[in-house]
Structures are given as C-alpha cells and as structure tokens.
Amino acid sequence: MSKKSVNTPFEEQVFKPSKDFAKNARVSSMAQYNRMWKESVEQPAKFWASEAKELEWQKPWSKVLDWKAPDAKWFVGGKLNVTESCLDRHARGPRRNKAAIIFEGEPGDKQVLTYAQLHREVCKFTNVLIARGVKAKDRVLIYMPMIPQAAIAMLACARLGAVHSVVFGGFSAESILDRLEDCGATHVITADGGWRRGKTVALKDNVDEALSRTKIVKSVIVYKRTGQDVKMKKGRDFWWDELAAEASAKHEAKAFDSEHPLFILYTSGSTGKPKGILHTSGGYLTGTYTTCKYIFDMQDEDVYWCTADVGWITGHSYIVYGPLAMGATQVMYEGAPNYPDFSRFWQMIEEYGVSIFYTAPTAIRAFIKAGDSFVDGHDLSSLRLLGSVGEPINPEAWRWYYEKIGGSRCPIVDTWWQTETGAIMISPLPGATPTIAGTATLPFFGVDAAILDDAGNECKANEAGRLVIRKPWPSMTRTIYGDKARFKKTYWADYDGLYTAGDSARRDKKGNFWIVGRLDDVLNVSGHRLGTAEVESALVSHPSVAEAAVIGRPDDLKGQAVVCFVTVKGGIKSTPALQKELRDHVGKVIGAIAKPDNVYFAPALPKTRSGKIIRRLLKELVSTGEVSGNTTTLEDHSVIEQLKKTIADS
Ligand code: PRX
C-alpha cells in the first residue's frame, strides 16, 4: 500500500493497494471494481448465477431469484448438498492431501486434517448421527470448544440435512436451555470440556444443567477433549469416539433444495429474547464463497486464519463454510489470545506461515495495551492481507495493525456485516480499494447499500442516517425461526421492501461507508452483540432486584462496557458483596461476556410520566457526570441528583 501524503493527519490518510498486491489480485483496480459492481447490482441474477455455478449442484436451478419482500428464494429448483462443495470435490481432486485445518489446542497439541481426512471424519460422523436417529430438518444443538470436531459436527448435520444451532461455548446453561427450547432441538453435540486460559470449561456440566429442565432432547454425543470427569446418563449420553469407531467412513451426499434450512444462529435484539436467525443452503454458500474469493482474495497457496469462534456468525461463514468451499488451508486455534501470554498469535503466524489474518478490533486493542514486546522478534513476513470485523476499528488500532502486524505492506479489509446478512456486505477489495482507517469503504458486488433519513430520502454526504440494503442478496437471513412477525417488524418495517440493518452510518464524499453504531438497544461488547434487555431481565431474575436499567459506556478495550443501574427490593442492603453477586449472577444467566463492568445501586430510575425508563439520561450521566438534554418528560427530577451522587461516590 502507498500513502498519499505524509503530511495529512493519519485519520485522513488514504492507503492505496500496492502494485505488488494488485498484480495478483482478482480485482486489481477501482475501474474493475466499479464496472463489476455496477453490473452486479443492475443484473444481480447474472452476477450471482455465475458465482453459484462454481459450486457443486446435483440439480441446476430453474430461476435465480424469486423475490417478494421480505421473502427471497435463491436458485429456485436447484438442489445441492453444501458439504459436497466444501469437502467431496476437494477430496476427490488435486486438493485431496492439502491441509484443510491446521489445528492448535491451547495446551499446545497439534493436528492437521487434510481435505481427504476431513471428508472421511464428516462422513463418519454423519453416519453416527443417522444411527442416533437424526433426520433431515431436525434441529441439533452444538456446544463445543474451538476444535475441529465443532466444524465436523456442523458439516455432518449439513450433510444429512439437519439444522445445526451452535451455541457459543462461553454461554451459560440457561442460554443453552432458551435456545434449545426455542428451536426444539432433539439432539445435542458437546464435549466434556474445552481449554481456556489454562483452565477447563465445564461444557458437559452446563449441558446437563440445561437438560435437567427439559425433556425434548433424545441424545447427547460427547467428544472427549479435556478428559475431565463428567456424568454420562445411560441411554441418553454417548461418547463420540465410541460411536465413530463403529461407523463407516463412506457416505453418499444426498441433495437438498437450495432453500433447505442450513442453520439457526441466535443473536441479540432489542427485546429480551435472542433471535434465531435462519440461513438456508444454496444462497448462503454462494455468499460466503464469493466473499472469500474477492474480499480475502484466497489463493490456493494461502494460509488463512480467522480467530473468531465457531459459535458466532464469523466462525460459521469464515471458518467453516466459506473457506472450505474455497478449498483453503486454514489455521484453527482453541484458546485465548493471551495464553500463555500475548505472543501466542504471532508465534502461530510465524510457525504456520499465515498469509491472511482476520480478527477483531477488540483483540487488537488488547494487544496494543499488552505492549509491542510480545510482537517483536516474531517473523510476520508471511502475512499479505489483514481483516477486521465486529465493530468500527478506531484509527489507533488500525494504525498499529497496519504498521506493527502488517509491516506497512498488507492491505486491511474492514468488513461490515451481521449475523443476519450471512456474509460480508461492505468492505474494501484488497487489490483495488483505497482505504482510510475506520471506514468499511464500499459495498460488495450485488450489494445495494444506502443511508436513509427518517422520511426515506438518501442522506447527503457525511450526514448520518439508517443503513439499509435495497436489493436482496443470496446469503440474507430468511426469517427469525418461528417468528415471522418479529422478522418483518425488526428488519422490514422501516421502509417498504428495504432491509434495515439497525446500524447508523454515514457516507463521505467518495461514497465510503462509516459505521457509527447500533440504533437499537443492542450493545457491542468486544465485538459481540448483547441486548440491554437481556442483561436487564437477567438482573431482575435475582431475588434482591426490583428494577434494572442497562446502558453501554464507551470503553477503550471492549468498545462498549456494560453499565447497570439497579434498585433493590425493600429491606435489601446495597452492599459491595451484592454488587459482586449481581455481576456473577448475570455471568451465570447469560455467560461471562455479559458480566457488567459497573453495577450502581440507585434509589430510583429516571422515568417518564408513563413509567418508561429514560436510558438516554443514564448514558449522559455516566459519560459526562451531568444531564444537559431535555428532562421535561422526567417524572421526578430529584432522581437525577441522587444518581449523580451514586456515580460520584462509587
Ligand atoms: O453494529 C454492527 C457491528 O456488528 C453488528 C453485527 O453483529 P453480529 O451480528 O454479531 O456480527 C458480527 C460479525 C459480523 C453490526 O450491526 N459491526 C460488524 N462489523 C462491523 C461493525 N461495525 C463497524 N464496522 C464493522 N466492520
């Protein structure tokens, strides 16, 4: 990349792809991007069909798109088995003995799975699931550490047409239960435990706790990872290895309709209940494959590493489906980035010769805080492309990533997308797009993104408004599982026929998109979505709490910190011990990522006369210590003075 001018402030400097990078890139100039983008939005069916043709289909589609907002059917009449594109075609061709997954466990154990081996393991596990009675369209809940078996379990479900729902291994028993009941999962795949910062996480115990409160699950398959003690319930629980030992490694992939459900992934919304985002087969695979091809510019000789967990959409799209459909070699890591210390990632990049590295701003900020000494001395010269995802990347983090990790040589793709969009929507193309720190730049092919004001008009340059997508795209979510009404209300009600992302954004004069943040009551904590209402309902489920209000506070490391205001029930003392108990309680109900950073005891919460909590005032109080905005709707003005004192005293 080359800088335009060294005299411009860093925040405004434009970085153009270097000639060296552009030379071998699939899209190597803005002229090419502009031409392809124009064609792709003018004739989306033509563009997406030519991409989808690069995948394996058992029966071709008769029509590319059937669209009546908000219902999309892509590749109508086409039949495929998504795992054939991800596995079979590589395993029977020249990539047969190519490494698909290079795994490193947190304790340092290593394993390489070639495409042929991964294919065999998935076939074997598909046969295991079939023998356990799993059928097409059944929902299977997966609660696993970041080990290859997590991907194998997902792919085996997909192979037989079952719908997987992965629950992040950091979530609680209660979260498992909620999701299990919402999607009606009849089978669970888990492990005894996983490694995290030198300790084991009790995955199977959490599953047991969840299952003690429901009867819908017929069987649990347990992979032995840590060897820790677990209880196995006779007739319900089975060891993965024992079942796999008896299973055949051969399985003929059956074709499913292009719109066959592939997975449900839960994400936070503005009400308490997480939404089960449903993705289907042909379109989703086309979206993840195509974005890997152009945005990560994956080439056969690349070593790619996405540090996300398979429990999030990034893991689904950019560890499992996209890279495997590309036939890429990727690194997978089980544990924490700072175990045994903050040099772990850089050691691994050096050891495996990683060339494409995809991580989150929150991790970058943690590395900056830890200090450069952890990076120094590691040979990172194999890197050629860097990616960022999950939240806006601040210029300091961008600069450090670019200079310290990328050696001022690697383009950075700042990728904007969501669980709902399935694949990256706005991002630079690394061989073409000039970038500025902090902007996700321009829409991907086929993506018609815009920023609208309340009246539905396009905002002027640099004016913030609502980010919308005006045309359907193949990897778009089809519904919220079991709640079509909520799907319509959440994403399609603001403007007729347009998808509203829930983000506020602006475009600069060159058309670059700058994401400002969420418009709803959703926090972005370390790149993870967390509903304020979810945390509030966790707090009020504690016997001492009468009422709670949760807001986000800007945080240097996590992006946003979770701040709670709690009123306790009569007779309960507001003690530091109770503060700790409430933090732990939220951690137990939702998972460690939701643990509040601050718990303030408030004698009362600021409310409107109709009883609605005014979170805006709480936000202002926390960030400035004052309230300057409109308080005319406030029912009791003395509440503000009391809260000021609470915050000042803590
Ligand atoms: O607010 C945006 C933010 O993350 C939200 C989506 O969260 P989730 O569904 O959990 O998916 C995260 C991984 C794709 C968005 O609505 N977000 C995601 N990527 C970016 C971002 N904000 C700014 N810049 C990004 N690159």
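Computed from a predicted structure; not experimentally measured.

Concerning the packing of aromatic side chains
Part 1 of the argument: As enumerated under the stated definition, the model contains 48 aromatic pairs in all.
Part 2 of the argument: Plain terms: the ring middles of Trp74 and Phe75 are 5.8 Å apart, the flat faces sit at 50° to each other, and that makes the pair tilted.
Part 3 of the argument: Here Trp74 falls in the buried class, since its relative accessible area comes to 0%.
Part 4 of the argument: Among the aromatic residues, those joined into a ring-pair cluster are Trp305, Tyr333, Phe342, Phe345, Trp346, Phe357, Phe367, Phe374 and Trp400.
Part 5 of the argument: Lying across the ring of Phe171, Arg179 places its NZ or CZ 4.7 Å from the centre.

A short note on the nonpolar core
One broad trend across soluble globular proteins is that nonpolar side chains are buried collectively.
Part 1 of the argument: If you look at the biggest cluster of nonpolar residues, it comprises 162 residues, and the most contacted ones within it are Phe125, Ile189, Trp240, Phe296, Tyr321 and Leu467.
Part 2 of the argument: No other element matches helix H6 (residues 148-160), which puts 10 residues into this core.
Part 3 of the argument: Aside from chain neighbours lying at most four places away, what touches Leu467 is Trp416, Ile426, Ala449, Ala450, Ile451, Tyr499, Thr500, Ala501, Asp503, Ala505, Phe513 and Ile515.
Part 4 of the argument: By size, the runner-up hydrophobic cluster in this structure holds 32 residues, among which are Ala99, Tyr352, Leu380 and Ile412.

Concerning the pattern of salt bridges
Part 1 of the argument: Within this structure, the stated rule accounts for 48 salt bridges.
Part 2 of the argument: In this structure, Lys588 and Glu209 form a salt bridge, with 3.4 Å as the shortest nitrogen-oxygen distance. Of this pair, Lys588 sits in helix H17 (residues 576-589) while Glu209 sits in helix H8 (residues 203-211), and the two are 379 residues apart along the sequence.
Part 3 of the argument: Overall, the relative accessible area of 32% leaves Glu209 in the partly exposed class.
Part 4 of the argument: Measuring nitrogen to oxygen at the nearest pair gives 3.9 Å for the salt bridge that ties Asp448 to Lys471. Placement of the pair is Asp448 in the loop between strand S22 (412-415) and strand S23 (449-452) and Lys471 in the loop between strand S24 (465-469) and strand S25 (479-480), with a sequence separation of 23 residues.

Digging into a negative patch on the surface
Part 1 of the argument: There is a patch of like negative charges on the surface, built from Glu11, Glu12, Glu396 and Asp556.
Part 2 of the argument: Counting through the fold element by element, Asp556 comes out in the loop between strand S30 (545-555) and strand S31 (559-568).

Brief notes about the pairing of strand S18 (residues 303-306)
Part 1 of the argument: Burial along S18 is two-sided: the face carrying Val303 and Trp305 and the face carrying Tyr304 and Cys306 are both buried.
Part 2 of the argument: Direction of pairing for S18 relative to strand S19 (residues 329-333): parallel, over a ladder of three bridges. Within S19, the residue paired with Val303 across the bridge is Thr329.

Quick word on the UniProt feature "domain: Acetyl-coenzyme A synthetase N-terminal" (unreviewed entry) in the protein
Part 1 of the argument: Under the present numbering, the feature "domain: Acetyl-coenzyme A synthetase N-terminal" (unreviewed entry) in UniProt falls on residues 33-86.
Part 2 of the argument: Secondary structure across residues 33-86 divides into 44% helix and 26% strand, with the first and last C-alpha atoms of the span separated by 27 Å.

Rules of the game
- Residues numbered from 1 in each chain as written.
- Predicted model: local features only at pLDDT ≥ 70, side-chain atom pairs only at ≥ 80, totals over all residues.
- Heavy atoms only, no water.
- Phe/Tyr/Trp six-rings, centres within 6.5 Å; stacked < 30°, edge-to-face > 60°.
- Buried < 20%, exposed > 50% of the residue type's maximum accessible area, 1.4 Å probe, protein only.
- Lys NZ or Arg CZ within 6 Å of the ring centre and 35° of its normal.
- Core = buried A, V, L, I, M, F, W, Y, C linked by side-chain atoms within 4.5 Å.
- Helix = DSSP H or I, 4+ residues; strand = E, 2+ residues; numbered from the N terminus.
- Contact = heavy atoms within 4.5 Å.
- Salt bridge = Lys/Arg side-chain N within 4 Å of Asp/Glu carboxyl O.
- Patch = residues over 30% accessible without salt bridge, like charges linked within 9 Å, V, L, I, M, F, W, Y side chains within 5 Å.
- Areas by Shrake-Rupley, 256 points an atom, 1.4 Å probe, with all protein chains shown as cover.
- Lys, Arg positive; Asp, Glu negative; His and termini not counted.
- Charge placed at Lys NZ, Arg CZ, Asp CG, Glu CD.
- Pairing = 2+ DSSP bridges.
- UniProt positions renumbered as here; feature names shortened; annotations may be inferred.

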